[in-house]
Amino acid sequence: MRRQAGAWILITLLGLLAACSPPDEPVVALAVHDGEPIGVLVTCDGAFSQLGVFENDNRNDASARPLITWGVSGTPMSEVVEVPLFGQPPDGFEVDEIRDIPAEEAGMAVDVEPLTKLEPEVRYSLSGSSRHDGISVDFTVADFARIGRDEVLAPRGRETMKIMSREAFVRKARSICN
């Protein structure tokens, strides 16, 4: 699991640096239950899955700042997995170990620090994968108030986030697994 967690951090970092192009379908969304952020991941056929959140302050020189991240990975026990950010991982998942990435793995040494809470006025990205990578959900703590009961914040294309019903998100995300 540690090697897979390191791979997840590396994939996240490379996506930030190279602006990789995931499919134009969301597989991850942000929900809020009782004021607490919840990552919602639609998984594909029990495939190894990952969900993580990282600070995304969009500064240009990624080598000059640490990657501040938190994530879980594992084998899902259900098609739709809800992950309380920084909370107890769902059955089949473990919290990923945070470790620096040596230059041999990433092309440059990367200082990785644990993300333990969300701060106001900081932009974050929630990302997930289950056989396919999805578009990340960009958000701030201020977005929590906009997300109603049975709703999620999900990507609409690469640049826009949209509030939609949880049901509509799950239906659309299922299509990426086919």
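Below you will find a few notes about this structure. (Residues numbered from 1 in each chain as written. Predicted model: local features only at pLDDT ≥ 70, side-chain atom pairs only at ≥ 80, totals over all residues. Heavy atoms only, no water.)

### Looking at the overall build of the chain
Right, so step 1: Tallying secondary structure elements over the chain gives three helices and eleven strands in all.
Right, so step 2: The order of α-helices and β-strands along the chain, N terminus first, is α-β-β-β-β-β-β-α-β-β-β-β-β-α.
Right, so step 3: Out of the 178 residues in the chain, the part that is buried amounts to 46%.
Right, so step 4: The contacts of the chain with a sequence gap of at least 6 include a subset with a gap of at least 24, amounting to 61%.
Right, so step 5: Summing over all exposed atoms, the chain offers an accessible surface of approximately 9100 Å²; the carbon and sulfur share of this is 47%. (Helix = DSSP H or I, 4+ residues; strand = E, 2+ residues; numbered from the N terminus. Buried < 20%, exposed > 50% of the residue type's maximum accessible area, 1.4 Å probe, protein only. Contact = heavy atoms within 4.5 Å. Areas by Shrake-Rupley, 256 points an atom, 1.4 Å probe, with all protein chains shown as cover.)

### Notes on the pattern of salt bridges
Right, so step 1: Overall, the coordinates contain six salt bridges when judged by the stated rule.
Right, so step 2: The salt bridge involving E82 is made with R166; its shortest N-O contact spans 2.9 Å. One end of the pair, E82, is in strand β5 (residues 80–84); the other, R166, is in helix α3 (residues 166–177), and 84 residues separate them in sequence.
Right, so step 3: Relative accessible area serves as the criterion here: at 27%, R166 is assigned to the partly exposed category. (Salt bridge = Lys/Arg side-chain N within 4 Å of Asp/Glu carboxyl O.)

### Remarks on the side chain of S125
Right, so step 1: Take S125: it is sitting in strand β8 (residues 124–130).
Right, so step 2: Of note is the side chain of S125, whose polar atom sits 2.7 Å from the side chain of N56.
Right, so step 3: Ignoring sequence-local partners within four residues, the contact set of S125 consists of G52, V53, F54, N56, S136, V137, D138 and F139. (Polar contact = N/O pair within 3.5 Å; in protein donor to acceptor, adjacent residues only side chain to side chain.)

### Let's talk about the nonpolar core
Right, so step 1: In terms of nonpolar packing, the biggest core is built from 27 residues, with L30, L51, V53, L85, L126 and F139 touching the most fellow members.
Right, so step 2: When residues of this core are traced back to their parent elements, those giving at least two are β1 (28–33), β3 (49–55), β4 (67–74), β5, β8, β9 (137–139) and α3.
Right, so step 3: If we ignore the near neighbours within four places in the chain, the residues touching L85 are L30, P37, G39, L51, V53, W70, L118, L126 and F139.
Right, so step 4: Residues A29, V80, V170 and A173 belong to the second largest nonpolar core, which totals twelve residues. (Core = buried A, V, L, I, M, F, W, Y, C linked by side-chain atoms within 4.5 Å.)

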